[in-house]
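Here are the chains, one letter per residue:
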Amino acid sequence: MTVATAFLRLGSALPLSLLLVVGLACLAPVLADEKKGFNGYLNLGGVMVPDYEGSSDYRPAPLAVGKLGYDEFYLELRGPELRANIMPAGLLPLGLELGPSLAYRFGRSDVENDRVDAMHDIDGTVAAGGFVKLYADTVLQARDQIGVEIEALSGVGSNGDGTTVSFGPFYSFWPWDQLRLGIRISATYASGKYNETHFGIDAADAARSGFTTYDADGGMKDVGLSINATYRLTEHWGIAALAGITRLVGDAADSPIVEDAGDATQGFVGAGLVYNF
């Protein structure tokens, strides 16, 4: 498998709403205290993900996450998603970050399951939207953080595949000086167009795949739980890992591509090497 194909697999398996939910940014470094001036990180690693959203097959894929900031403003890459914080610090008693998000949804093609692979390909599309993150530091102990985050993304252009809204709380803390742990609970709402694109089956696809036809309406699409850990090796270098589980619900879980040919329970595990500056 080429690197390009592996990235396509990753995009097919993890729609951008889910990228936020599982916390790819949890692989982000926490190797140093808050910095002023230019700062950032780069994380390169790998992740095991489902072959497509709702698949019971898994495969490895490369993962790249990075951030470049100046004071509290930053531009952050989360796999195939780019987002920016444009909120100045100190305007509220709590921490607040917000800004635009731009993402690429890779669609679905060339999957392991023969019946799903027989269906028409789902074209990739650009999705645009924004995020808001509200948080507080040093709540239960020194250097911990608790907060909530929400992000909305909508497919744009002729291939637009609908809207997702992901939201949920998170908490992170340092059990000792070199190690930071975090937990995130999440949920995702998907519009009818999104669910119909990714989980619906029309008459032509039913004839090709042997599935029954299926109309997927909008509603809650998934709930999830993820944990992450970052271990500081030196002032600039560290290792990070994350694991979690996402459960498809509602019309997404009831789709024949999930119920008959896949699995509504979607797991993931990943690790990477972090450089912080």
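Here, the structure is the one placed above.
Let me sum up the structure you'll find in this document. (Residues numbered from 1 in each chain as written. Predicted model: local features only at pLDDT ≥ 70, side-chain atom pairs only at ≥ 80, totals over all residues. Heavy atoms only, no water.)

With that settled, the discussion passes to the sheet that holds strand β3 (residues 73-78). Spatial strand order, β1-β2-β3-β4-β5-β6-β7-β8-β9-β10-β11-β12: 12 strands in a closed barrel with antiparallel pairing. Adjacent strand axes in the sheet meet at a mean angle of 20° when their direction is disregarded. Note: strand β10 (residues 219-232) against strand β11 (residues 237-248), 11 bridges, orientation antiparallel. When the bridges of β11 are listed, Ser226 appears paired with Gly244. In this fold helix α4 (residues 192-199) packs onto β5 (95-105), β8 (163-176), β9 (179-190), β10 and β11, with an angle of close to 80° to the strand it touches most, β10. (Pairing = 2+ DSSP bridges. Helix = DSSP H or I, 4+ residues; strand = E, 2+ residues; numbered from the N terminus. Axes fitted to C-alpha atoms, helices over the stretch in contact; angles between N-to-C directions. Contact = heavy atoms within 4.5 Å.)

In this section: the pairing of strand β12 (residues 265-276). By the alternation rule, side chains of β12 split into Gln266, Phe268, Gly270, Gly272, Val274 and Asn276, which are all buried, and Thr265, Gly267, Val269, Ala271, Leu273 and Tyr275, of which none is buried. Sheet topology note: the strand β1 (residues 38-50)/β12 ladder contains 8 bridges and is antiparallel. Each bridged residue has a counterpart across the sheet, and for Tyr41 the counterpart in β12 is Asn276. As defined by bridge partners, β11 adjoins β12 across 11 bridges and the pair is classed as antiparallel. Paired with Gly244 across the bridge in β12 is Phe268. (Buried < 20%, exposed > 50% of the residue type's maximum accessible area, 1.4 Å probe, protein only.)

Turning our attention to the pattern of salt bridges. Applying the stated criterion to the full structure yields 12 salt bridges. For the salt bridge of Arg59 with Glu112, the shortest nitrogen-to-oxygen distance reads 2.6 Å. Residue Arg59 is found in strand β2 (residues 58-70), and its partner Glu112 is found in the loop between β5 and α3 (114-118); the two are separated by 53 residues along the sequence. Two residues, Arg184 and Glu149, come together in a salt bridge whose shortest N-O distance is 3.4 Å. Of this pair, Arg184 sits in strand β9 while Glu149 is found in strand β7 (residues 145-155), placing the two residues 35 residues apart along the sequence. Across the pair, exposure class does not vary: Arg184 and Glu149 are buried alike. Beyond isolated ion pairs, a larger network of salt bridges with shared partners links Glu76, Arg78, Arg83, Glu149 and Arg184. (Salt bridge = Lys/Arg side-chain N within 4 Å of Asp/Glu carboxyl O.)

This brings us to the nonpolar core. In terms of nonpolar packing, the biggest core is built from 19 residues, with Val116, Phe199, Ile201, Phe211, Leu248 and Ile257 touching the most fellow members. Secondary structure elements with two or more residues in this core: α4, α6 (250-254) and α7 (256-259). Core analysis: the next-biggest nonpolar cluster, separate from the first, contains 6 residues, Val49, Ala61, Leu63 and Val65 among them. (Core = buried A, V, L, I, M, F, W, Y, C linked by side-chain atoms within 4.5 Å.)

A word on the environment of Val165. Position of Val165 relative to the elements: it lies in strand β8. Val165 sits 15 residues away from Ile150 along the chain, and the two C-alpha atoms are 7.1 Å apart. When residues no more than four places from it in sequence are discounted, the contact partners of Val165 are Ile150, Glu151, Ala152, Ala187, Thr188 and Tyr189.

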